Amino acid sequence: MILYYVLFLNLQIFVEGSSFSCPSSIPTLSSVSSCPKNKQEWETAAIRKQCEAIKQNCTELHSDFQYHCLLNQQLDGTLEVCAPVYFLQGFCASYNIQKKQIVETYDDGFECLKYHGSEQCPLRYLSNEAYKYQRCYPYDVKNETRTTHTPPATTAATAVANQNKECRSNDNTGVVAVIVILFVVVTIVIHILIWRYRERILKKICKRGVHGEEDGNTATQPRMQDVREEEDRNPETRSLINRDMINSESLAKANQENEELKRKIQENLENLAKASEENEKLKREINDLLSQERKAGEERSKEVQLLKETHTKTEEELQKKLAEENNEKEKLERKNKDHSEELSKVNNEKQNLERKIKDQSEELSKVKNEKGNLERKIKDQSEELSKVNNEKENLERKIKDQSEELSMVKNEKENLERNIKDQSEELSKVKNEKGNLEKKIKDQSEELSKVNNEKENLERKIKDQCEELSKVNNEKENLERKIKDQSEELSMVKNEKENLERNIKDQSVRLTEVNKKNDDLKRQIEEHGENKGPKKKTAPPRPTDPPRANEKEDQQVDEHKKSTKNKPAPLPPS
């Protein structure tokens, strides 16, 4: 068990220094106050960081080298880094600067698989999707002064120092890995040798138990004679005695060999203890090496400071050289002016010479020779002037480049100062807004209490109104019932009225017929009286007899109208 434990520890140490580390991600580190909280913010931060455009040897595809925002190694802040995408197994992610890779945080409270609801992460998820599980970011750094902006020269120097540290730490980890592997191999070989030795001993024991020993002791001879006599009598006892003898001898030898094995195992345990002491010594040596590396890092930081000082000195020297070059340029310009004046004088002399050539034809040959010499000199001077002009142009280009670089540096400095001012103003605004928000929250809490009180009063009023509405609905139903009854009575009255009108029409028709008959009778009587002479006057029939039925009907109609007037008017349908 001790051997297996030692092997497990060594393998764990070896795996920790495996090939998942990415040194190219160290220069991209930058601490931030908080990480993106959704996909949009994550994508904007990734575009700003531009991880895919960085040259690196960690991944074959540039698309696998992506933006990450994770917890730092101490779990007290957040940082941005460009690193290869890593599969996480149900734990929150953080970045380890020593291992130069994304790792899982096994501390308490960082197992996101055990979270509840939307905060729970799956058993396996990608490291560039860590923004989905915001509970993994409990520490938001509120001090924005952590994100300091350093000039490009110092950042380059620090990057070089970090690369040197990485190289040395990689060398040390390689040495440690080789030592650990050698120790693992030695322990495995010892274990195999012990196992083989034990097998050989067991084989010898089995052979001796089967064959037995031919020679016995002198003290056991009389006992053997008794045993042989018993064997002759009972063959079963013979087989049992043989088995007992073989088993006793084999057990004695096995006990001796077991004691020898125990001694060897104790020796091996002592060797293991010594090996563990040697491991502790190696660990101490490794710690010493790490302390030496820290000292070397401090020395490198001092070297970086020296580099900064040399950089400032070189800048001053460059400024001095620029001033000297400007002076030389002015001198060259003056020389060019002098040459131009000389050329103008030469041209005047040439003109005078041409005039003299015209006047003195005899001296033409001499003048031509002098003219050729002068032209050669002028060509030489022109070539020299062209060279000087080219040098002047090169100097001007260098001066322009240096001036542009200085302007860029000044602009960057101004931008940094502006950013710092803007950040300070934003901080003050945020503080003021925070105070205003707290005041508003207090006012809103008071208003909420008032609103709650008003709400309770309104609920009470609504309950009262509901009760009144229920009463009104009951009254409405009663009224509707009454209206239905009245409408039925009205329909009955209308039917009776129609029947009466029909009767009145029939009676009026009958009256007209009776009147016609009376007229006919009168005519007949008159005609008969004219024919027979005067007779006694007979009283005409009373016309009041038939209309008596009409009077009764009119009385019934009047009574019905009076009864309808006394009844209430029907309400309109609801």
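Since this is a predicted model, take the numbers as computed values, not measurements.

Draft legend 1. Layout of the overall build of the protein chain. Tallying secondary structure elements over the protein chain gives seven helices and seven strands in all. Each helix (α) and strand (β) of the protein chain, taken in turn from the N terminus, gives the series α-β-α-β-β-β-β-β-β-α-α-α-α-α. Sequence separation of 24 or more characterises 66% of the internal contacts of the protein chain that already satisfy a separation of 6 or more. A total of about 46300 Å² of accessible surface is found on the protein chain, and carbon and sulfur atoms cover 51% of it.

Draft legend 2. Examining the nonpolar core more closely. Of all hydrophobic cores here, the largest spans 32 residues; its most connected members are Leu-70, Tyr-95 and Cys-112. Counting residues per element, the ones that place at least two in this core are helix 2 (39–49), strand 2 (65–71), strand 3 (78–84) and strand 5 (93–96). The greatest single-element share of this core, amounting to five residues, is contributed by strand 2. Discounting residues that sit within four places of it in the chain, Cys-112 has contacts with Gly-90, Phe-91, Cys-92, Glu-119, Gln-120, Cys-121, Tyr-125 and Cys-136.

Draft legend 3. View of a nonpolar patch on the surface. On the surface, Ile-181, Val-185, Val-189 and Leu-193 cluster together into a nonpolar patch covering about 330 Å² of accessible area. Ile-181 sits in the partly exposed class, given a relative accessible area of 39%.

Draft legend 4. Region of the structure containing the confidence of the model for the protein chain. Confidence in the prediction of the protein chain, expressed as mean pLDDT, is 76, and 74% of residues score 70 or more. Low pLDDT, under 50, characterises residues 1–6; the stretch is placed with seven contacts to residues that sit more than four places away or in other chains. Confidence drops under a pLDDT of 50 for residues 212–223, and excluding neighbours within four residues, the segment shows three contacts in the predicted structure.

Draft legend 5. View of the packing of aromatic side chains. Scanning the model with the defined rule gives four aromatic pairs in all. Ring centres of Trp-42 and Tyr-67 lie 5.2 Å apart, and the angle between their planes is 70°; on these two criteria the pair is classed as edge-to-face. Residue Trp-42 is found in helix 2, and its partner Tyr-67 is found in strand 2; the two are separated by 25 residues along the sequence. Residue classification places Trp-42 among the buried residues on the basis of a relative accessible area of 7%. For the ring pair Phe-91 and Tyr-106, a centre distance of 4.9 Å and an interplane angle of 70° mean the geometry is edge-to-face. Of this pair, Phe-91 sits in the loop between strand 4 (87–88) and strand 5 while Tyr-106 sits in the loop between strand 6 (101–104) and strand 7 (125–126), and the two are 15 residues apart along the sequence. Here the aromatic residues Trp-42, Tyr-67 and Tyr-131 are joined through ring pairs into a cluster of three or more.

Draft legend 6. A positive patch on the surface, seen in detail. Together, Lys-331, Arg-334, Lys-335 and Lys-337 give the surface a local cluster of positive charge. Tracing the chain through its elements places Arg-334 in helix 5 (residues 235–359).

Draft legend 7. Seen up close, the environment of Asn-96. Within the element layout of this structure, Asn-96 appears in strand 5. When the C-alpha positions of Asn-96 and Leu-71 are compared, they lie 9.2 Å apart, and in sequence the two are 25 residues distant. When residues no more than four places from it in sequence are discounted, the contact partners of Asn-96 are Gln-73, Gln-101 and Val-103. A distance of 3.4 Å separates a polar atom in the side chain of Asn-96 from the backbone nitrogen of Lys-99.

Draft legend 8. Here's a closer look at the side chain of Asn-128. Position of Asn-128 relative to the elements: it lies in the loop between strand 7 and helix 3 (152–211). Judged by its relative accessible area of 15%, Asn-128 falls in the buried class. At a separation of 2.6 Å, a polar atom in the side chain of Asn-128 contacts the side chain of Gln-66. In this structure Asn-128 touches Trp-42, Gln-66, Tyr-67, His-68 and Val-85, once residues within four positions along its chain are discounted.

Draft legend 9. Main features of empty space enclosed by the protein. Summed over the entire model, instances satisfying the criterion amount to two cavities of 30 Å³ or more. Roughly 60 Å³ of internal volume is contained in the largest cavity. Contributing to the lining of the largest cavity are Leu-70, Leu-71, Cys-92, Ala-93, Tyr-125, Ala-130, Tyr-133, Cys-136 and Tyr-137. The class makeup of the residues in the lining of the largest cavity is nine nonpolar, no polar and no charged.

Draft legend 10. Focus on the pairing of strand 5. Here strand 5 shows two buried faces, one formed by Ala-93 and Tyr-95 and the other by Ser-94 and Asn-96. Taken together, the four bridges between strand 5 and strand 6 define a ladder with antiparallel strand orientation. Of the residues in strand 6, the one forming a bridge with Ser-94 is Val-103. Hairpin connection, strand 5 to strand 6: the antiparallel pair is bridged by four residues, and Lys-100 has positive phi, about 60°.

Draft legend 11. Just the pattern of salt bridges, in detail. Counted under the stated rule, the structure contains six salt bridges. Between Glu-396 and Lys-329 there is a salt bridge, with its nearest N and O atoms 3.6 Å apart. With a gap of 67 residues between them, Glu-396 in helix 6 (residues 364–532) and Lys-329 in helix 5 connect regions that are remote in the sequence. Among the residues examined, Glu-396 registers a relative accessible area of 26% and is labelled partly exposed. Under the relative-accessibility criterion, Lys-329 is labelled partly exposed at 25%.

Draft legend 12. Representation of the state of the cysteines in the model. This structure, assessed with the given rule, holds five disulfides. Across a sulfur-sulfur distance of 1.9 Å, Cys-35 and Cys-69 are joined as a disulfide pair. Handedness here is read from the sign of the S-S torsion; for Cys-35 and Cys-69, about -80°, the answer is left-handed. Linking Cys-35 in the loop between strand 1 (30–32) and helix 2 with Cys-69 in strand 2, this pair joins segments that are 34 residues apart in sequence. As far as burial versus exposure is concerned, Cys-35 and Cys-69 are alike and both buried. The disulfide partner of Cys-92 is Cys-136, and the gap between their sulfur atoms is 2.0 Å. Taking the torsion about the S-S bond as the criterion, the Cys-92 to Cys-136 disulfide, at about -65°, is left-handed.

Draft legend 13. Looking closely at helix 2. Buried residues of helix 2: Trp-42, Ala-45 and Lys-49, and no others. Down the axis, helix 2 shows its buried residues gathered within 65° of arc, on one side only. Exposed side chains of helix 2 directed beyond 90 degrees from the buried face belong to Lys-39, Gln-40, Thr-44, Ile-47 and Arg-48. On its buried face, helix 2 sits against strand 1, strand 2 and strand 3. Just past helix 2, the residue Gln-50 takes up positive phi, approximately 55°.

Draft legend 14. Quick peek at the pairing of strand 3. Taking burial as the measure, the seven residues of strand 3 include six buried ones, the bulk of the element. The sheet contact formed by strand 1 and strand 3 spans three bridges and is antiparallel. Bridging from a neighbouring strand, Ser-30 pairs with Glu-80 of strand 3. As defined by bridge partners, strand 2 adjoins strand 3 across seven bridges and the pair is classed as antiparallel. Across the sheet, Phe-65 pairs through a bridge with Pro-84, a residue of strand 3.

Conventions used here
Residues numbered from 1 in each chain as written. Predicted model: local features only at pLDDT ≥ 70, side-chain atom pairs only at ≥ 80, totals over all residues. Heavy atoms only, no water. Helix = DSSP H or I, 4+ residues; strand = E, 2+ residues; numbered from the N terminus. Contact = heavy atoms within 4.5 Å. Areas by Shrake-Rupley, 256 points an atom, 1.4 Å probe, with all protein chains shown as cover. Core = buried A, V, L, I, M, F, W, Y, C linked by side-chain atoms within 4.5 Å. Buried < 20%, exposed > 50% of the residue type's maximum accessible area, 1.4 Å probe, protein only. Patch = residues over 30% accessible without salt bridge, like charges linked within 9 Å, V, L, I, M, F, W, Y side chains within 5 Å. Salt bridge = Lys/Arg side-chain N within 4 Å of Asp/Glu carboxyl O. pLDDT = per-residue confidence, 0-100. Phe/Tyr/Trp six-rings, centres within 6.5 Å; stacked < 30°, edge-to-face > 60°. Lys, Arg positive; Asp, Glu negative; His and termini not counted. Charge placed at Lys NZ, Arg CZ, Asp CG, Glu CD. Polar contact = N/O pair within 3.5 Å; in protein donor to acceptor, adjacent residues only side chain to side chain. 1 Å grid on protein atoms, 1.4 Å probe; cavity = no way out; pocket = protein on both sides within 12 Å on 5 of 7 lines; lining within 4 Å. Points joined across faces, edges and corners; volume = space filled by probe spheres on them. Nonpolar A, V, L, I, M, F, W, Y, C, P; charged D, E, K, R; others polar. Pairing = 2+ DSSP bridges. Disulfide = S-S within 2.5 Å. Arc of directions from axis to C-beta.

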